[in-house]
Amino acid sequence: MTGTAILIVYYSCVAVIWALLVYYLVLTVAGYHYSRHARDYFPKLLRVHRDLPTVSILIPARNEERVIADTVAAISEMDYPRERVEIIVIDDGSTDATGEILEGMKREHDRLTVVSIPATAGGRGKSVALNHGLAAATGDVIAVYDADNRPDRYALRYLVSALLDSSKLGAAVGKVRTLNRSRTFMTRSANIEFIAYQWINQAGRYWLAGLTVLPGTNFVIWRHLLDRVGGWDPRALTEDLELTIRVYEAGWRIGFVPTAVSWEQEPEELGVWIRQRMRWMRGNNYVIRKSIFKLLKPWDSPVKLEILQSVATYYLFLVAVLLSDVLFVGGAVGWLGFSMWGPFGLLWALAYTMFVLEFAITLVIEGEDRLPNLLLVALMYFTYTQLWLYVALRSMVPTLRRRQRTVRPGGEPVWEKTKRY
């Protein structure tokens, strides 16, 4: 490449990075405005909607002996008419004491049903387990909670009330917070990451474009809609994102309800965090490959925004960051035969300031704008967020060993369960 071509590539990379930075700043401001709206709007719904539909709560569980009892207890204590809710735990071939714990709890919780998948047929992924639970469910609304969740008392009421308040909503999602956020550097960083993601991506995009993505937990969806779209995709590692696209394609919307809060554990160790995020990235890659040609369809849909943002964030941004770093270092040490010129120091300082500002705004929204958290955000730019680059890059180069571990011959994923504490 000539020097001019290299400069064009480098400046293009810088332009891509800055375009995404500005885009996320716009979403941050929109998320802030939505938080002010939600603070007054959703509590009113609890007084408006009192004729509540029947709900089946699905809890997929595989080797969850450390957490399952507390989760079932917390879900049982949620404020919802007892005669209109059933709790279905899918024991997916557990080889620990999960099954015994659940059988014991059935004597204490009359609304609890256990769907047991034999160990020989288990471990085929969360989607398969959820489809087993769906087959046993009788409610008009399906709710999903992970096996380590501790939902707040009114979480389910908030979600169902939001669903009833708009005929356009096929699903409603709540907010997820980090239960063990004070344990390690990884959980403190993950806590801030989740706060930022939900107020920027979920709230910001919902306020501006009516787009919200189903999470893996703490959401409700109409049963008839799930049946219409065919349940969960058994090949999807990120079954939530994949189902999101099919819900929007079916002509429905998904609402974001930040007053519906559930608390969950996050990985406390670096290796566990990397394996979890790798699974998420491989799942996102599957969904992008499956959905990319939907961009060619003529209708205007939030699906397009989700696909475009995923491609821009997971592919274009990654390539731009890595390539710009290589070219900048190459120019600085003389490998390219010339030096890069421009106000790059100033641009980097502005980008860093924007990063800290966006995270700080979301911490203010959440009421966690304490000095230790703000200092951690400043440090995360150089540490935690760089790990995401490693995860994204590694997920694009799957090894044969990883394929064998995460995908069965028929294409169904192996359930790589996150370690509990």
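Only a predicted model underlies this, so the values are computations on that prediction, with no experimental measurement involved.

About the thresholds
- The residue numbers shown here count from 1 along each chain, following its written sequence.
- Totals for whole chains, interfaces and linings use all residues, but because this is a predicted model, local features are given only for residues with pLDDT of at least 70 and pairs of side-chain atoms are given and counted only at 80 or more.
- Neither water nor hydrogens contribute to the side-chain values; these are computed over all heavy atoms in the structure.
- We call a set of buried residues a nonpolar core when its members are Ala, Val, Leu, Ile, Met, Phe, Trp, Tyr or Cys and they connect through side-chain atoms within 4.5 Å of each other.
- Residue exposure (1.4 Å probe, protein chains only): buried if accessible area is under 20% of the type maximum, exposed if over 50%, otherwise partly exposed.
- Any two residues whose heavy atoms approach within 4.5 Å are treated as being in contact.
- The axes used here are C-alpha line fits, helices contributing only the stretch in contact, and every angle between their N-to-C directions lies in the interval 0 to 180 degrees.
- Strands here are runs of E lasting at least two residues and helices are runs of H or I lasting at least four, both read from the DSSP assignment and numbered beginning at the N terminus.
- Any angle between 65 and 115 degrees counts as roughly perpendicular, while under 35 counts as roughly parallel, over 145 as roughly antiparallel, and the rest as oblique.
- Residue polarity follows a fixed list, in which Ala, Val, Leu, Ile, Met, Phe, Trp, Tyr, Cys and Pro are nonpolar, Asp, Glu, Lys and Arg are charged, and the others, Gly among them, are polar.
- Each residue after the first adds 1.5 Å to the expected span of a helix.
- Contacts described as polar in this section are N or O atom pairs within 3.5 Å, which, within protein, must combine one atom able to donate a hydrogen with one able to accept it, while residues neighboring in sequence count only if both atoms come from side chains.
- Two helices cross in a left-handed way if the nearer one is turned anticlockwise from the farther one by less than a right angle. They cross in a right-handed way if the turn is clockwise.
- By salt bridge we mean one thing: a side-chain nitrogen of Lys or Arg within 4 Å of a carboxyl oxygen of Asp or Glu.
- Whether two strands pair comes down to DSSP finding at least two bridges between them.

Considering the nonpolar core
Right, on to step 1. Counting 112 residues, the largest nonpolar core has Ile 57, Leu 156 and Trp 232 as the members making the most contacts within it.
Right, on to step 2. Excluding its chain neighbours within four sequence positions, the residues that come into contact with Ile 57 are Ile 75, Met 78, Val 85, Glu 86, Ile 87, Ile 88, Ala 143, Tyr 145 and Leu 156.
Right, on to step 3. Of all hydrophobic cores here, the second largest spans five residues; its members include Ile 6, Tyr 10, Val 14 and Leu 327.

Notes on the packing of helix H6 (residues 185-209) against helix H11 (residues 344-366)
Right, on to step 1. Running from N to C, H6 and H11 point in directions that differ by 90°, and their axes come no closer than 9 Å. As summarised for this structure, H6 and H11 are arranged roughly perpendicular, according to the angle between their axes. Listed contacts from H11 to Ile 192, Glu 193, Ile 195, Ala 196, Trp 199 and Ile 200 of H6 are Glu 358, Phe 359, Thr 362, Leu 363, Ile 365 and Glu 366.
Right, on to step 2. A breakdown of the residues in the contact of H6 with H11 according to their chemical character gives eight nonpolar, one polar and three charged.

Observations concerning the environment of Ala 250
Right, on to step 1. The topology assignment puts Ala 250 in the loop between helix H8 (239-249) and strand E8 (253-264).
Right, on to step 2. Taking the relative accessible area as the measure of exposure, Ala 250 reaches 17% and is therefore buried.
Right, on to step 3. In this structure, the C-alpha to C-alpha distance between Ala 250 and Thr 4, residues 246 residues apart in sequence, is 48 Å.
Right, on to step 4. Ignoring anything within four residues of it in the chain, the contact list for Ala 250 reads Leu 225, Arg 228 and Val 229.

Re H6
Right, on to step 1. Over its 25 residues, H6 extends 34 Å from the first C-alpha to the last, a length consistent with the 36 Å expected when each residue adds 1.5 Å.
Right, on to step 2. Among the 25 residues of H6, 18 are classified as buried, and the element is accordingly described as predominantly covered.
Right, on to step 3. The N-cap of H6, judged by a side-chain oxygen 3.3 Å from the amide nitrogen of Met 186 a few residues on, is Thr 184.
Right, on to step 4. Where H6 ends, the next residue or the one after it, Gly 210, has phi of about 70°, a positive value.

Description of the packing of helix H9 (residues 270-291) against helix H13 (residues 384-395)
Right, on to step 1. Interhelical geometry of H9 versus H13 gives an angle of 50° and a closest axis separation of 9 Å. When the interaxial angle is binned, H9 and H13 end up oblique. Helix-helix and strand crossings are classified by hand; for H9 and H13 the assignment is right-handed. Of the residues in H13, those touching H9 at Leu 270, Trp 273, Ile 274, Arg 277, Met 278, Trp 280, Met 281, Arg 282 and Asn 285 are Tyr 384, Leu 387, Trp 388, Tyr 390, Val 391, Ala 392, Arg 394 and Ser 395.

Structural notes on unusual backbone geometry
Right, on to step 1. In this model, Asn 63 sits at a positive phi of 55°, which is unusual for a non-glycine residue.
Right, on to step 2. Position of Asn 63 relative to the elements: it lies in the loop between strand E1 (55-61) and helix H2 (68-76).
Right, on to step 3. With relative accessibility at 25%, the residue Asn 63 sits in the partly exposed group.
Right, on to step 4. The residue Asn 218 is not glycine, and still its phi comes out positive at about 60°.

Re the environment of Glu 239
Right, on to step 1. Tracing the sequence through the fold places Glu 239 in helix H8.
Right, on to step 2. Classification of Glu 239 by relative accessible area gives buried; the value is 6%.
Right, on to step 3. Spatially, the C-alpha atoms of Glu 239 and Ile 101 are 27 Å apart, while their sequence positions differ by 138 residues.
Right, on to step 4. A polar contact of 3.4 Å, which involves the side chain of Glu 239, links it to the side chain of Lys 126.

Side note on the side chain of Asn 218
Right, on to step 1. In this fold, Asn 218 is placed in the loop between H6 and strand E7 (219-222).
Right, on to step 2. Residue Asn 218 is classed as buried on the basis of its relative accessible area, which comes to 0%.
Right, on to step 3. Within polar-contact distance, the side chain of Asn 218 engages the backbone oxygen of Lys 175 at 3.1 Å.
Right, on to step 4. When neighbours within four sequence positions are excluded, Asn 218 is seen to be in contact with Val 144, Tyr 145, Ala 155, Leu 159, Val 173, Gly 174, Lys 175, Val 176, Ala 260, Val 261 and Ser 262.

Thoughts on the pattern of salt bridges
Right, on to step 1. The full count for this structure, using the stated rule, is 25 salt bridges.
Right, on to step 2. Among the ionic pairs, Lys 106 bridges to Glu 103, the shortest N-O distance being 3.6 Å.
Right, on to step 3. Among the residues examined, Lys 106 registers a relative accessible area of 35% and is labelled partly exposed.
Right, on to step 4. When its relative accessible area of 39% is taken as the criterion, Glu 103 is described as partly exposed.
Right, on to step 5. A salt bridge links Glu 368 to Arg 370; the nearest nitrogen and oxygen atoms lie 3.9 Å apart.
Right, on to step 6. One connected set of salt bridges, linked through shared partners, spans Lys 175, Arg 177, Arg 181, Glu 366, Glu 368 and Arg 370.

A closer look at the sheet that holds strand E3 (residues 112-117)
Two strands in a sheet stick together by hydrogen bonds in their backbones, pointing the same way (parallel) or opposite ways (antiparallel).
Right, on to step 1. If you walk across this open sheet you meet the eight strands as E3-E2-E1-E4-E7-E6-E8-E5, and the pairing is mixed. Single-partner strands in this sheet number two, and they are E3 and strand E5 (150-151).
Right, on to step 2. Bridge count between strand E2 (residues 85-92) and E3: six bridges; the pairing is parallel. Bridge pairing in E3 links Asp 92 to Ile 117.
Right, on to step 3. Of the strands in this sheet, E1, E2, strand E4 (141-144), E5, strand E6 (169-178), E7 and E8 are in contact with helix H5 (residues 155-165), which crosses E6 at around 150°.

Looking at the environment of Pro 302
Right, on to step 1. Along the chain, the position of Pro 302 falls in helix H10 (residues 302-333).
Right, on to step 2. Looking at Pro 302, the relative accessible area reads 9%, which means it is buried.
Right, on to step 3. Residues Pro 302 and Ser 167, 135 residues apart in the sequence, show an inter-C-alpha distance of 17 Å.
Right, on to step 4. When near neighbours in sequence (up to four residues on either side) are disregarded, Pro 302 contacts Ala 209, Leu 211, Tyr 248 and Arg 253.

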